[in-house]
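# Secondary and tertiary structure notes
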Amino acid sequence: MKKIFTLLSTAILISGGAFAQWCTPTASPTTMNSYASSSPVITNVTFNTINRTTTSNNKELYVNTGVGTTVAQNTTHAFAMTWTKDIPVCPEQNIRVWIDWNIDGDFTDVGELVYTLSNTILAGTGGPITIPATATPGLTRMRVAMKMVPACGHTIPDPCAPSEPVGWHGEIEDYDLTVTTATGINEINGVTNLNAYHNDEGLQLNYFLTSGANVQLDIYNVYGQKVNTFASQQQNAGEQKMTIANSALGNAGVYIAALTIDGKTITKKFVMIK
């Protein structure tokens, strides 16, 4: 029998913000990432409501995408990204993600390097990113970088992409994040008493709606990939119960349940073991 243990808390999405000035990544030589048709690039970034896909033909060192999302203090959201590899030259990559939590125009403060994966031969990765309770409310920036490894003659990724002898072989993408103050669960369309627990049937989610709402339940794995949408419906006011069978979740591991109610999302992270 599989068992599920709840690990982590609540997330709510709302709005807010104002820009700082961040460095524009530059590199030398100016060939940057266009050294060959096989030069590696980022092909997808997913974070909260962000889901941006580009083709392997877009070989740019740096892209300010203009794509954004809204997150609240003290919430956790699934992050995922994919990229291409130059298998003949250097298939290994280093991945870095920074977020300017205090909106001071740089990514160098403690805690602003939010995701690291080194010397990977994978073509994708992902995991949860938590918005600190101390994050400054407003419009800030997330910078995502993918780059060939030092064993292939490259330096460790830096958010401002300093010059190096062979150029930056990879890509950097910027995304806008609007950070809002933490909101209590009772403020989300009258949602109260959210609980998650396990019995022989599977994962159980119970909550109470004080008024009718559009409700959707999605489950994500630790790589930020959606396992399935288990509910998408209008629900009446009152006590609500959802059950997700163990067989629908699949293998043991870490998962994130995202319950979206009238466009605002509450998340619960849980571990399922056999």
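Anything mentioned here points back to the structure above.
Now for a quick tour of the structure. Since the model is a prediction, treat every value here as computed from it, not as a measurement.

### Quick notes on the overall build of the chain
Scanning the chain for helices and strands turns up one helix and 17 strands. As displayed, the chain offers around 11800 Å² of accessible surface, 51% of which is attributable to carbon and sulfur atoms.

### A short note on the environment of serine 211
As for its placement among the helices and strands, serine 211 is situated in the loop between strand E12 (202-209) and strand E13 (213-221). Accessibility expressed as a relative area gives 34% for serine 211, which makes it partly exposed. For the pair formed by serine 211 and glycine 238, sequence separation is 27 residues and the distance between their alpha carbons is 7.4 Å.

### Description of the pattern of salt bridges
If you walk through the whole model with that rule in mind, you get four salt bridges. The partner of glutamate 173 in a salt bridge is arginine 52, with the nearest N and O atoms 3.1 Å apart. Placement of glutamate 173 in strand E10 (residues 170-180) and of arginine 52 in strand E3 (residues 50-53) is noted, with a sequence separation of 121 residues between them. Taken individually, glutamate 173 and arginine 52 each receive the classification buried, so the pair is uniform in this respect. A salt bridge links arginine 141 to aspartate 174; the shortest N-O distance between them is 3.1 Å. A residue pair is termed long-range when its members are at least 10 positions apart, and arginine 141 in strand E9 (residues 138-148) and aspartate 174 in strand E10 qualify at 33 residues. The same class applies to arginine 141 and to aspartate 174, which are both buried.

### Overview of empty space enclosed by the protein
According to the stated counting rule, one finds one cavity of 30 Å³ or more in the structure shown. Within this model, the largest cavity holds a volume of roughly 40 Å³. Lining the largest cavity are Leu194, Leu205, Ala257, Leu259, Ile266 and Lys268. Elements with a contribution of two residues or more to the lining of the largest cavity: strand E16 (253-261) and strand E17 (264-273). Among the residues forming the lining of the largest cavity, the class breakdown is five nonpolar, no polar and one charged.

### Some words on the state of the cysteines
The final tally for this structure, using the stated rule, is two disulfides. Disulfide pairing is shown between cysteine 23 and cysteine 160; the S-S distance is 1.9 Å. Linking cysteine 23 and cysteine 160, the disulfide has an S-S dihedral of approximately -95° and is accordingly described as left-handed. Here cysteine 23, found in the loop between strand E1 (3-8) and strand E2 (42-47), pairs with cysteine 160, found in the loop between E9 and E10; they are 137 residues apart in sequence, far enough to count as distant. By relative accessible area, cysteine 160 is classed as partly exposed at 31%. A disulfide bridge connects cysteine 90 with cysteine 152, and the sulfur atoms are separated by 1.9 Å. Because the sign of the S-S torsion sets the handedness, a value of about 85° for the bond joining cysteine 90 and cysteine 152 places this disulfide among the right-handed ones. In this pair, cysteine 90 sits in the loop between strand E5 (75-83) and strand E6 (93-99) while cysteine 152 sits in the loop between E9 and E10, placing the two residues 62 residues apart along the sequence. The exposure class assigned to cysteine 152 is partly exposed, which follows from its relative accessible area of 28%.

About the criteria used
Residues numbered from 1 in each chain as written. Predicted model: local features only at pLDDT ≥ 70, side-chain atom pairs only at ≥ 80, totals over all residues. Heavy atoms only, no water. Helix = DSSP H or I, 4+ residues; strand = E, 2+ residues; numbered from the N terminus. Areas by Shrake-Rupley, 256 points an atom, 1.4 Å probe, with all protein chains shown as cover. Buried < 20%, exposed > 50% of the residue type's maximum accessible area, 1.4 Å probe, protein only. Salt bridge = Lys/Arg side-chain N within 4 Å of Asp/Glu carboxyl O. 1 Å grid on protein atoms, 1.4 Å probe; cavity = no way out; pocket = protein on both sides within 12 Å on 5 of 7 lines; lining within 4 Å. Points joined across faces, edges and corners; volume = space filled by probe spheres on them. Nonpolar A, V, L, I, M, F, W, Y, C, P; charged D, E, K, R; others polar. Disulfide = S-S within 2.5 Å.

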